[in-house]
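Listed below, chain by chain, are the residues.
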Amino acid sequence: MENIYFCMAISFLFIHELDAIKAKEWKLFIVLKDLKEETAYTIWLALHFPLFLFPLMIVSNVFQPENEKLMKLGIDLFLIIHLFLHIRFRNDKDYQFTSIQSNIYIILTTIFAILDLTLIDFNFYLS
């Protein structure tokens, strides 16, 4: 049960990323927005491989416990920053996450990442 909030955060992230295909999220990235549509999409998609792989490896207990906690911490922090990036870009002409449904996925990703942070044993790093 210790991974339940992490799994919820990652599940909502995966749903958000599926939604991001429809929203053409790659158009918000400086390097990708000026490329041809198909090229930008291909690169954007490839960049998501580690974003999907590492959380799956964490819940599969592939890493040593100390590395798993550190990776979960990093992913949780990324998911929180991710919300603020969406807030930052919401007025961009290419930003298409305007539906309530899209925003619920983004917000729930962050909420569950914050809840997961409350379960990480930070004393592990202090010893």
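Presented here is a report on the structure given in the accompanying data block. Just so it is clear, the model here is predicted, and its values are computed rather than measured.

Attention shifts here to the overall build of the protein. When its secondary structure is counted, the protein shows five helices and zero strands. Counting only C-alpha atoms, the protein reaches 50 × 30 × 25 Å along its principal axes. Every one of the 127 residues in the protein was classed for burial, and the buried ones make up 35%. Long-range pairs, those at least 24 residues apart, make up 70% of the contacts in the protein with a sequence separation of at least 6. Here the protein displays about 8000 Å² of accessible surface, and carbon together with sulfur accounts for 68% of that area.

The subject of this paragraph is the pattern of salt bridges. On inspection of all chains with the given rule, the structure shows five salt bridges. Of the charged contacts in the structure, one is a salt bridge between glutamate 37 and lysine 24, with a shortest N-O distance of 3.4 Å. One end of the pair, glutamate 37, is in helix 2 (residues 37-59); the other, lysine 24, is in the loop between helix 1 (4-23) and helix 2, and 13 residues separate them in sequence. With a shortest N-O distance of 3.2 Å, lysine 93 and aspartate 94 are connected by a salt bridge. A relative accessible area of 74% means that lysine 93 is categorised as exposed.

Ranked by internal contacts, the top residues of the largest apolar core, which has 16 residues, are Ile10, Ile75 and Leu79. At the level of secondary structure, the elements contributing two or more residues to this core comprise helix 1, helix 3 (65-89) and helix 4 (100-119). Within the second largest apolar cluster, eleven residues are counted, among which are Trp26, Trp44, Phe97 and Ile106.

Between the first and last C-alpha of helix 2 there are 34 Å, a value that for 23 residues agrees with the 33 Å anticipated at 1.5 Å per step. All buried positions along helix 2 are accounted for by Ala40, Trp44, His48, Pro55 and Ile58. As for helix 2, its buried residues are in contact with helix 1 and helix 3.

What counts, and at which threshold
Within each chain, residue numbers correspond to sequence positions counted from 1 in written order. Local features are withheld for residues below a pLDDT of 70 in this predicted model, meaning they are given only at 70 or higher, and side-chain atom pairs are given and counted only at 80 or more; totals for whole chains, interfaces and linings count all residues. Side-chain calculation: all heavy atoms of the structure are included, whereas hydrogens and water are not. A run of H or I in DSSP becomes a helix once it reaches four residues, and a run of E becomes a strand once it reaches two; helices and strands are each numbered from the N terminus. The buried label goes to any residue with under 20% of its type's maximum accessible area, the exposed label to any with over 50%, and the partly exposed label to all in between, with areas taken from a 1.4 Å probe on protein chains only. The contact criterion used is simple: two residues touch if any of their non-hydrogen atoms lie within 4.5 Å. Here the Shrake-Rupley method, with its probe set to 1.4 Å, supplies the accessible areas, and only the displayed protein chains count as covering residues. The term salt bridge refers to a side-chain nitrogen of Lys or Arg lying within 4 Å of a carboxyl oxygen of Asp or Glu. To form a nonpolar core, buried Ala, Val, Leu, Ile, Met, Phe, Trp, Tyr and Cys residues must be joined to one another through side-chain atoms within 4.5 Å. A helix is expected to span 1.5 Å for every residue after the first.

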